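Close look at the chain arrangement
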Amino acid sequence: MTDNPTRHRRQPGRLARACLLRPWSLLAAGALVGGLLGVAYGTLKAPTYTATSYVVAVPTEKSDSASALGFAQAYGRTATQLAVLGDAQSSVGVPVRTLQRSVRAATSPDAPMIAVSATSPRPGLASDMANAVTRALTRHANETKSSTHVELIQFSRAVRPTDPTSASPMVTGLVGTSAGGLLGGLALLVRPRRAEDDDARSASVPGPATATDVRGQL
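Residues numbered from 1 in each chain as written. Predicted model: local features only at pLDDT ≥ 70, side-chain atom pairs only at ≥ 80, totals over all residues. Heavy atoms only, no water.

A look at the overall build of the protein chain
Across its full length, the protein chain carries nine helices and four strands. Counting from the amino terminus, helix and strand elements in the protein chain follow one another as α-β-α-α-α-β-β-α-α-β-α-α-α. Across the 218 residues of the protein chain, 29% fall into the buried class. Counted over contacts in the protein chain with a minimum sequence separation of 6, partners at least 24 positions apart contribute 78%. Surface exposure of the protein chain reaches about 14,000 Å², of which carbon and sulfur atoms provide 61%. (Helix = DSSP H or I, 4+ residues; strand = E, 2+ residues; numbered from the N terminus. Buried < 20%, exposed > 50% of the residue type's maximum accessible area, 1.4 Å probe, protein only. Contact = heavy atoms within 4.5 Å. Areas by Shrake-Rupley, 256 points an atom, 1.4 Å probe, with all protein chains shown as cover.)

Here it is as structure tokens:
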């Protein structure tokens, strides 16, 4: 009984398509799982709100704007220190550790202004923490204005935020999809290839020739 040469030609083609399908399926599965996990994280995680208050450093008659800018940078670095946060704790009613995790201060290299931001799942608490830290920082700075010749003045109070600043489920889903696809690609790079190479080599070996074919060639 002779073998069908057409069947031998089709088998390597099916193996090649299967080898191409498996990598793409791994990438798709990784992206799908990552996207689902990202959407679930963005949906289940409680939204967070951020409120920001601003203070400005003003020079007195014995100082200038350059000194005010320099002291604004220094006060911005001390806004999250224990001395300031300890005073703010009594007025806002939260532990110092909460203020350390939630409050950030930023300064500008061009303007003597300090931005104090606070983040919390409760929008009202976020604004209260930002305003409390700003008041405490202003008190500490103005206690030494007779020697520094720079005064801190509140420029803008923090208001209760209405929109969350945390990422939406759509954003976390896109991030999860990208991360899942990246992990799937890395898994393809480190996967063992010996079994696939052996299958490809065995599939490329032609079938044994029959006695009739040998006599015809001779």
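A closer look at helix H2 (residues 65-78)
Helix length check: H2 (14 residues) gives 20 Å between terminal C-alpha atoms against 20 Å at 1.5 Å per residue, within 8%. Those residues of H2 lying buried are Ala68, Ala72, Tyr75 and Gly76. Looking straight down H2, one finds its buried side chains confined to an arc of 100°; they lie on one side. Exposed residues lying more than 90 degrees from the buried face of H2 are Ala66 and Arg77. Of the surrounding elements, those touching the buried residues of H2 are strand E1 (49-59), strand E2 (103-107), strand E3 (113-120), helix H5 (123-142), helix H6 (145-148) and strand E4 (150-156). (Expected span 1.5 Å × (residues − 1). Arc of directions from axis to C-beta.)

Re the pairing of E1
Strand direction decides the pairing type here: E1 and E3, joined by eight bridges, are antiparallel. Among the inter-strand pairings, Ala51 is bridged to a residue of E3, identified as Ala118. In terms of strand pairing, E1 meets E4 through six bridges, oriented antiparallel. Within E4, the position partnered with Val55 by the bridge is Gln154. (Pairing = 2+ DSSP bridges.)

A word on helix H3 (residues 82-92)
Because an α-helix packs 3.6 residues into every turn, residues spaced three or four apart end up facing the same way. Buried within H3 we find Val84, Leu85, Ala88 and Val92. Down the axis of H3, the sector holding all buried residues measures 90°, keeping them to one side. Exposed residues pointing more than 90 degrees away from the buried face of H3 are listed as Leu82 and Ser90. Buried residues along H3 sit in contact with H2, helix H4 (96-102) and H5.

Topic: the packing of H3 against H5
Look at H3 against H5: their axes get within 8 Å of each other, and the N-to-C directions meet at 130°. Between H3 and H5, the interaxial angle falls into the category oblique. H5 is crossed by H3, and the crossing has right-handed handedness. Taken together, the residues of H5 that come into contact with H3 (itself represented by Ala83, Val84, Leu85, Asp87, Ala88, Ser91 and Val92) are Leu125, Asp128, Met129, Ala132, Val133, Arg135, Ala136, Leu137, Arg139 and His140. Per-class residue counts for the contact of H3 with H5 are eleven nonpolar, two polar and four charged. (Axes fitted to C-alpha atoms, helices over the stretch in contact; angles between N-to-C directions. Parallel < 35°, antiparallel > 145°, perpendicular 65-115°, else oblique. Left-handed = near helix turned anticlockwise from the far one by under 90°. Nonpolar A, V, L, I, M, F, W, Y, C, P; charged D, E, K, R; others polar.)

Considering the environment of Asn142
Mapped onto the elements of the fold, Asn142 is located in helix H5. Using a relative accessible area of 23% as the deciding quantity, one classes Asn142 as partly exposed. C-alpha of Asn142 to C-alpha of Leu152: the two residues are ten residues apart in sequence and 6.4 Å apart in space. Dropping the residues within four chain positions of it, Asn142 is found in contact with Glu151 and Leu152.

Description of unusual backbone geometry
The phi dihedral of His149 is positive, around 60°, even though this residue is not glycine. Here His149 lies in the loop between H6 and E4.

Digging into the sheet that holds E3
Across the sheet, four strands lie side by side as E2-E3-E1-E4; this open sheet has antiparallel pairing. The outermost strands of the open sheet, each flanked by one partner alone, are E2 and E4. Geometrically, the sheet is characterised by an average inter-axis angle of 25° between neighbouring strands, direction not taken into account. Contacting E1, E2, E3 and E4, H2 crosses the sheet at an angle of about 145° to E1.

Comments concerning the pattern of salt bridges
Side-chain pairing between opposite charges can occur once the charged atoms of the two side chains come close. The full count for this structure, using the stated rule, is one salt bridge. Residue Lys145 pairs with Glu151 through a salt bridge whose shortest N-O separation is 3.8 Å. According to the relative accessible area criterion, Lys145 is partly exposed, its value standing at 34%. Taking relative accessible area as the criterion, Glu151 reaches 25% and is therefore assigned partly exposed. (Salt bridge = Lys/Arg side-chain N within 4 Å of Asp/Glu carboxyl O.)

Such coordinate-based values are descriptive only and should not be taken to indicate function.
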